[in-house]
Amino acid sequence: MLNLRCLSAGEPVESVRPPRRNRSPRLKTESKRLAWVGCLLAIACHVPAHAQPLAGSLTTFNLPLPHGPSAVDAQGNVYSTTSLMPPATTTPGAAQTQPGGGTCYITLPFSAIAAPCYQVYITKSDGSGNTIFATYLGGASNSNGQAITVDASGNIYVAGAAGSSFPTSANAAIQTDPAPPAANGYANAAFATKLSPDGSKFLYVTFLPASMATVNGITVDPQGNLYIAGATSTTNPPPMHPAVVKLSADGSTVVYTKVLAGSNRDSALSVAADAAGNAYVTGLTGSPDFPVTAGALQSQLAGVQNAFVTKLDPAGNIAYSTYLGGSGRDSGGAVKVDIGGNIYVAGSTTSLNFPTTPGSVEPNALIPAWRTTPEGFVTKITPQGTLGYSTYFPGGMLALGASGDLYVAGGAGPGDLPVTPSAPLPCVPGSADTVGGDYVAHLDGNGAVLGATYLPLKFQSGFGVTASGVPVIVGLLYEGVTQVTFGGPGWTAGSCMTMAALSAATLSSGYTVPWGVYDVPRSRDRSAD
């Protein structure tokens, strides 16, 4: 009878053979044979460890510098812009290391106080929150970065508001302030700029046409053409209308300015672009005569205010335009377009009859007891102008995956989110002063939820997905950057994690999750790509 046992790791072959008194040639040969037998036994007797499912996790890093509207690239780098009063940290070799000077005024109810002029501030951080560069952009008048995006080469694009002394470049499409002068250094015009990937040079800085009074959204196409969405002036009649400006890749030419005018108040809140140079715009309209095209998905205003979705061809002509909404108030806050021409829109709605599709995640509004209306929607419109899918869903920012999938990030309260077993944080965040927080969800090409989790954040300023499919959410103020990993099949988070456990288990050293601290208005989607 042959008795065999497997060698332990590192156990010598001699342990499985009888001892010999000398090292004869026969013994040496036997030892070699036993060595081979030992290898074969180790292979034959090996019992593989049970594969463990991928654990879900939230990893958060601090952003040490001030940040506002943000964008995320495929590597997980974070690009942010804001407006601040000097002094502020800049990095050596940055495009503008010193503020533009000048004295502006802070207006109080009965007086104005002299102060340094606010400057645009632009930063880039890596996925761990380390600062790569930080620069000013501004002159002797107030300026404010309000929207930011980044292209595949790492060039950064910012748009916002600026005053008459804003430093434009020699190749600017519009070098001087097109708006009437403003008192006390106030920003009275819109601008756009392109910054080199290393932050060392502004490749162009230009004012935008006077019809663009408010900047809300920005995107860039693969050719480098820039698209800015916003609204016309609200100070004088007629009422505010959606406006879209397209700039050439070198910033020297305004390709078009398009105003989508109805008889009532309207605004464009987000813009996307495809490789052919078509632009896709969403926002809100209260106009019964808003421009829609023949055969549109919804040809009439259905409530007090509906969302709209408009496609502009490369020359700025309306190729497709539709209302989107029900009998309440609806607003399109984010838009994306995939390589197949499908349009994705997310926004807010109070309509109980918002157009949805059978079999979607939530075809009928499920309203928690603490609220009286739905909260949001996610809609996919096919290239033919029909509904691919449409569902009630907490609205927010959008990012496209690599395979026709969609990521959504925004705010959600109790009962709002269809949390999946893969969620790293399945329970609603909350504290003594607030209940609810942010979330991120992953939908497949048919709108089915692949993953959905709450986040230990209250407000978002930017959102993107890395090339490996990791959602990256940029918090507002001091909430840092959160990277999300959904758990694999067979993993669940179990009971809801406490903030102390979450901070100890998943966060970077020296940083804890803010919790119910900042009560400020939630920002619009002002980032893209």
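Residues numbered from 1 in each chain as written. Predicted model: local features only at pLDDT ≥ 70, side-chain atom pairs only at ≥ 80, totals over all residues. Heavy atoms only, no water.

What about the nonpolar core?
Thought 1: Residues Val-378, Leu-406, Val-440, Phe-463 and Ile-473 are the most contacted members of the largest nonpolar core, which totals 30 residues.
Thought 2: For this core, the secondary-structure elements that each account for two or more residues are strand E21 (343-349), strand E24 (396-400), strand E25 (406-412), strand E26 (437-443), strand E27 (449-455) and strand E28 (460-465).
Thought 3: In terms of residue count, E25 provides more of this core than any other element does, 5 residues in total.
Thought 4: Discounting chain neighbours no more than four positions away, the residues touching Leu-406 are Tyr-344, Val-378, Tyr-389, Leu-398, Ala-399, Leu-400, Ala-441, His-442 and Leu-443.
Thought 5: Counting 20 residues, the second largest nonpolar core, distinct from the first, contains Ile-122, Phe-133, Leu-137 and Phe-191. (Core = buried A, V, L, I, M, F, W, Y, C linked by side-chain atoms within 4.5 Å. Buried < 20%, exposed > 50% of the residue type's maximum accessible area, 1.4 Å probe, protein only. Helix = DSSP H or I, 4+ residues; strand = E, 2+ residues; numbered from the N terminus. Contact = heavy atoms within 4.5 Å.)

Structural notes on the side chain of Thr-453
Thought 1: Secondary-structure assignment places Thr-453 in strand E27.
Thought 2: Take Thr-453: its relative accessible area is 0%, and that puts it in the buried class.
Thought 3: Within the structure, the side chain of Thr-453 is placed 3.0 Å from the backbone nitrogen of Leu-425, a separation counted as a polar contact.
Thought 4: Setting aside anything within four residues of it in sequence, one finds Thr-453 in contact with Leu-417, Ala-423, Pro-424, Leu-425, Asp-438, Tyr-439, Val-440, Val-484 and Phe-486. (Polar contact = N/O pair within 3.5 Å; in protein donor to acceptor, adjacent residues only side chain to side chain.)

Considerations on the sheet that holds strand E8 (residues 143-150)
Thought 1: Ordered by their spatial adjacency, 4 strands build an open sheet running E8-E9-E10-E11, and the pairing between neighbours is antiparallel. The two strands at the open ends of the sheet, each matched to only one other strand, are E8 and strand E11 (202-207). Pairwise comparison of adjacent strand axes, ignoring direction, gives a mean angle of 20° for this sheet.
Thought 2: Looking at chain direction, strand E10 (residues 189-195) and E11 are connected through 5 bridges and run antiparallel. Paired with Phe-191 across the strands is Phe-207, a residue of E11. (Pairing = 2+ DSSP bridges. Axes fitted to C-alpha atoms, helices over the stretch in contact; angles between N-to-C directions.)

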